[in-house]
Amino acid sequence: MNTSQEFILTLSCQDTKGVVYAVSGLLYQAGCNILDSQQFGDVQSPDGTGLFFMRVHFEAPEHLADVATLTKLFAHVRQQFGMQASFHALSRRPRVLIMVSRHGHCLNDLLFRRQSGQLNIDVPAIVSNHPDFAELAASYGVPFHHLPLPTGASAEAKRAQERQVERLVTEHDVDLVVLARYMQILSPEFCEFLKGRAINIHHSFLPSFKGAKPYYQAHDRGVKLIGATAHYVTADLDEGPIIEQDVERVDHTLSPEDFTAVGRDVECVVLARAVRWHVEHRVLLNGHKTIVFK
């Protein structure tokens, strides 16, 4: 498929009459062809934000087929409705930096999905505080950056390591950072640097089973459901806006190791969905929640 003239428009503003008409009318008048459009107004529940969200997939005529031109064309409508709006060219593959520690299942899954064409992304770098997955990265042809953190590292040492990651993000023009079981608490400064462009994955037992070997703790308590949560990274540990969750049933016949294996599978699937939806510009922030157009 030739995507050189295809774009995604994502927008949010206060819910009011005429937004869809104004957006679709402008695109029509400019000679664009709308291929798909989704919208949602968060006005039905008492705790709704009152915001309106829209995602439009369209084809632009050749003389308008770049983000800067479309952004300029849209300026009046943006100002009229006080919108936050962005255009994204489908011809540009999103660039994703992956961070990992010593659990490589999510890393391997993402790299395989990229290699097999299931994820339309480029991975310019993998960062780890351990050297374990250097060979895995090499097998996929991805540069591996070992940025060690000794046990009990000071806040200053951790921040210095984070600045190295920030440089890689900037140098490689990274769109998204994925914490694929990266087992370090990020500083508030790093979270702010990555705001809206970093996704984390973890098991869904929190806050019940914290700390080491959560699947063993869950097995000891006879848990019947194992789940995973993918969310945006914020300074509030594991409490950022949720993008995707899923669960699998388990029972008394399974060992703690079986629980762990089921958990790994769920984590891989949930993280891959969240990454795909983000890079396809299907996820819009709605306060401490997300709108996901599937």
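In this text the structure is predicted, and so the values were computed from the model without any measurement.

1. Thoughts on the overall build of the protein chain
- Looking only at helices and strands, one finds nine helices and 13 strands in the protein chain.
- Over its C-alpha atoms, taken along the principal directions, the protein chain stretches across nearly 60 × 45 × 40 Å.
- For the protein chain, the residues scored as buried account for 48% of the 294 residues in total.
- Taking the intrachain contacts of the protein chain between residues at least 6 apart in sequence as the baseline, contacts between residues at least 24 apart amount to 67%.

2. Description of the packing of aromatic side chains
- Counting across every chain of the model gives four aromatic pairs.
- On the basis of an interplanar angle of 85 degrees and a centroid distance of 6.1 Å, the ring pair of phenylalanine 58 and phenylalanine 87 is categorised as edge-to-face. Taken together, the residues phenylalanine 58 in strand S3 (residues 51-59) and phenylalanine 87 in strand S4 (residues 84-89) connect sequence positions 29 residues apart.
- Judged by relative accessible area, phenylalanine 58 falls into the buried class, the value being 0%.
- In this structure phenylalanine 87 comes out as buried when scored by relative accessible area, which is 7%.
- Ring geometry for phenylalanine 190 versus phenylalanine 193: centroids 6.4 Å apart, planes at 15 degrees, classification stacked. With phenylalanine 190 and phenylalanine 193 both in helix H7 (residues 188-193), this residue pair falls three residues apart, about one helical turn.
- You can call phenylalanine 190 buried: its relative accessible area is 1%.
- Given a relative accessible area of 25%, phenylalanine 193 falls into the partly exposed group.
- Aromatic rings pair up to connect Phe7, Phe58, Phe74 and Phe87 into one cluster.
- For the cation-ring pair, arginine 197 lies above phenylalanine 193, with the distance from its terminal atom to the ring centre recorded as 4.8 Å.

Reading the values: the criteria
- Residues numbered from 1 in each chain as written.
- Predicted model: local features only at pLDDT ≥ 70, side-chain atom pairs only at ≥ 80, totals over all residues.
- Heavy atoms only, no water.
- Helix = DSSP H or I, 4+ residues; strand = E, 2+ residues; numbered from the N terminus.
- Buried < 20%, exposed > 50% of the residue type's maximum accessible area, 1.4 Å probe, protein only.
- Contact = heavy atoms within 4.5 Å.
- Phe/Tyr/Trp six-rings, centres within 6.5 Å; stacked < 30°, edge-to-face > 60°.
- Lys NZ or Arg CZ within 6 Å of the ring centre and 35° of its normal.

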